[in-house]
Each structure stands twice: as C-alpha cells, then as structure tokens.
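# Structural overview for review
What follows is each chain in one-letter form.
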Amino acid sequence: MKDLLFNPNGRIAKRRFWQGVVLVTVVAVIKRGMEIKLAGSMGGLLGIVAMLVTLGLVYANICIFAKRFHDAGTSGWWIIAVWFGKFFTFVLMFALLGGLFLGSEGTALLEAVMEGWASADEAQLTQASRQLVDLLFPLIILSYVVNGVLAALIVGSLPSDPKANAYGPPPGNGPETFS
C-alpha cells in the first residue's frame, strides 16, 4: 500500500491504479466534506492536520497517476494535463449547475459577500461566505467525485505497454492486493 500511494517510480497495472484512485478519492471527499462542515473551527491544530492530509493526498494522487502513465509508456508529468482538465471541469460544473444549487437565496448571499468585501465588513463577509458554501456543499462534493471519475476513466483506459519500457518491466501477474 505504501508503495502504491507514496512511490512515483515504476509501473502499476490498471486494477492497482483503480484501487488507489478509489481510496484517495473517498478519503479526499470525506476530508473536504469535514473541512466545509467544520469551517468555523479549522484554525490551529485542526487546520494544520487538514493541510497535511491535503498534501499527502496530492502526493498520493501524483504517485498513482504517474505510475499509470509510466505503465502506458509516457511521462508521469502528464498529471499536469489531468489537473488542468480537473480545473476546467470544476469551473464548467459551477458555471452550468451553480444556479441550480444557489437559487434566489444564493443570489442574495452572493450580493452580501460582495457587499461585505466592498465595505471591508469581515463579519458580514464571513457569515455570508459560510452560508454560500453550505448551499454549494452538494455541488462541491459532486464536482470532486465527477472530477475523480473522469480523470480515472481517461488515465485508467490508457493501454498498458506490454514490454519493459523506460519506467520498468510490466507489472507482475501476481495477485494485486492491498498490502
């Protein structure tokens, strides 16, 4: 398991890739949901722990995707293209679906956020922002899942290089278990 999540070198088979992606996505969704729901108490030690978990998840994501790219015979640096795609999908989802989640209450909250920002009223800005995030919570979680699934489907469907390549020999035919 440690090698799967925290070693960017070598190659992994599709099944092992999917195991890693599912694990990292589930942990990321749970972590993000907790961050949103605990936004008022995310300072201090809890904030530091959340930041460290985020960094660990980003690194694990890099390792899993890099090894999958390696298995296809390409550079792990293609993860940058995956991140651009995720960002584009995130923006597109909010542009297309944001209004459905916001409604008239969300429009009023957006105005309150802008007003608080313009008048430097930190209390108003904070309160309106938290309410806005609560309204958008389902869309935020949905975007995490959709982004994870799309990226995994695209990268996971890359054909494996059947022979040894610059990144190592093909993954073994032994059991692919979480160990």
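Residues numbered from 1 in each chain as written. Predicted model: local features only at pLDDT ≥ 70, side-chain atom pairs only at ≥ 80, totals over all residues. Heavy atoms only, no water.

### Some remarks on helix 3 (residues 44–71)
For helix 3, built from 28 residues, the straight-helix expectation of 40 Å at 1.5 Å per residue is met to within 8% by its first-to-last C-alpha distance of 41 Å. After helix 3 finishes, the residue G73 shows a positive phi value of roughly 85°. (Helix = DSSP H or I, 4+ residues; strand = E, 2+ residues; numbered from the N terminus. Expected span 1.5 Å × (residues − 1).)

### So, the packing of helix 2 (residues 14–37) against helix 5 (residues 122–156)
Remark: helix 2 packs on helix 5, axes separated minimally by 10 Å, with the N-to-C direction vectors making an angle of 170°. Considering their axes alone, helix 2 and helix 5 lie roughly antiparallel with respect to each other. Residues K14, F17, W18, V21, A28, V29, R32, G33, I36 and K37 of helix 2 form the contact with helix 5, whose participating residues are V133, D134, F137, I140, I141, Y144, V145, G148, A152, L153, V155 and G156. Split into classes, the residues belonging to the contact of helix 2 with helix 5 amount to 15 nonpolar, three polar and four charged. (Axes fitted to C-alpha atoms, helices over the stretch in contact; angles between N-to-C directions. Parallel < 35°, antiparallel > 145°, perpendicular 65-115°, else oblique. Contact = heavy atoms within 4.5 Å. Nonpolar A, V, L, I, M, F, W, Y, C, P; charged D, E, K, R; others polar.)

### Observations concerning helix 5
An α-helical turn contains 3.6 residues, so any two residues separated by three or four positions project in the same direction. The first and last C-alpha atoms of helix 5 sit only 45 Å apart over 35 residues, clearly below the 51 Å expected at 1.5 Å per residue. The sharpest bend along helix 5 measures roughly 55° and falls at L136, with the proline P138 sitting one to four residues further on. (Bend = angle between axes of the 7 residues up to and from the residue.)

### Observations concerning the packing of helix 2 against helix 3
Across the interface, helix 2 lies against helix 3 with an axial gap of 10 Å and an inter-helix angle of 160°. It follows from the interaxial angle that helix 2 and helix 3 lie roughly antiparallel. In the crossing of helix 2 with helix 3, the sense of the turn from one axis to the other is left-handed. Contacts between helix 2 and helix 3 involve K14, F17, G20, V21, V24, V27, A28, K31 and E35 on the former and, on the latter, A50, V53, T54, L57, A60, I64, F65 and R68. Along the lines of polarity and charge, the residues of the contact of helix 2 with helix 3 split into eleven nonpolar, two polar and four charged. (Left-handed = near helix turned anticlockwise from the far one by under 90°.)

### Points about the confidence of the model for the protein
Of the residues in the protein, 93% have a pLDDT of 70 or more, and the chain-wide mean is 87. Segment residues 174–179: pLDDT under 50, and twelve contacts once partners within four positions in sequence are set aside and those in other chains are kept. (pLDDT = per-residue confidence, 0-100.)

### A look at a nonpolar patch on the surface
A surface patch of nonpolar side chains, amounting to about 920 Å² of accessible area, comprises W18, V22, V26, I30, M34, L38, L46, Y144, V145, V149 and L153. Listing elements by their share of the nonpolar patch, those giving two or more residues are helix 2 and helix 5. No other element matches helix 2, which puts five residues into the nonpolar patch. Its place among the elements puts L38 in the loop between helix 2 and helix 3. (Patch = residues over 30% accessible without salt bridge, like charges linked within 9 Å, V, L, I, M, F, W, Y side chains within 5 Å. Areas by Shrake-Rupley, 256 points an atom, 1.4 Å probe, with all protein chains shown as cover. Salt bridge = Lys/Arg side-chain N within 4 Å of Asp/Glu carboxyl O.)

### Focus: the pattern of salt bridges
Using the criterion set out here, one finds four salt bridges in the structure. Between D71 and R11 there is a salt bridge, and its shortest N-O distance comes to 2.9 Å. Here D71 is found in helix 3, whereas its partner R11 is found in the loop between helix 1 (2–6) and helix 2, with 60 residues between them in sequence. The two residues D71 and R11 agree in class, both being buried. The residue K31 makes a salt bridge to E35 at a minimum N-O spacing of 2.7 Å. Taken together, the residues K31 and E35, both in helix 2 and four residues apart, mark about one turn of the helix. Given the relative accessible area of 16%, E35 is considered buried. (Buried < 20%, exposed > 50% of the residue type's maximum accessible area, 1.4 Å probe, protein only.)

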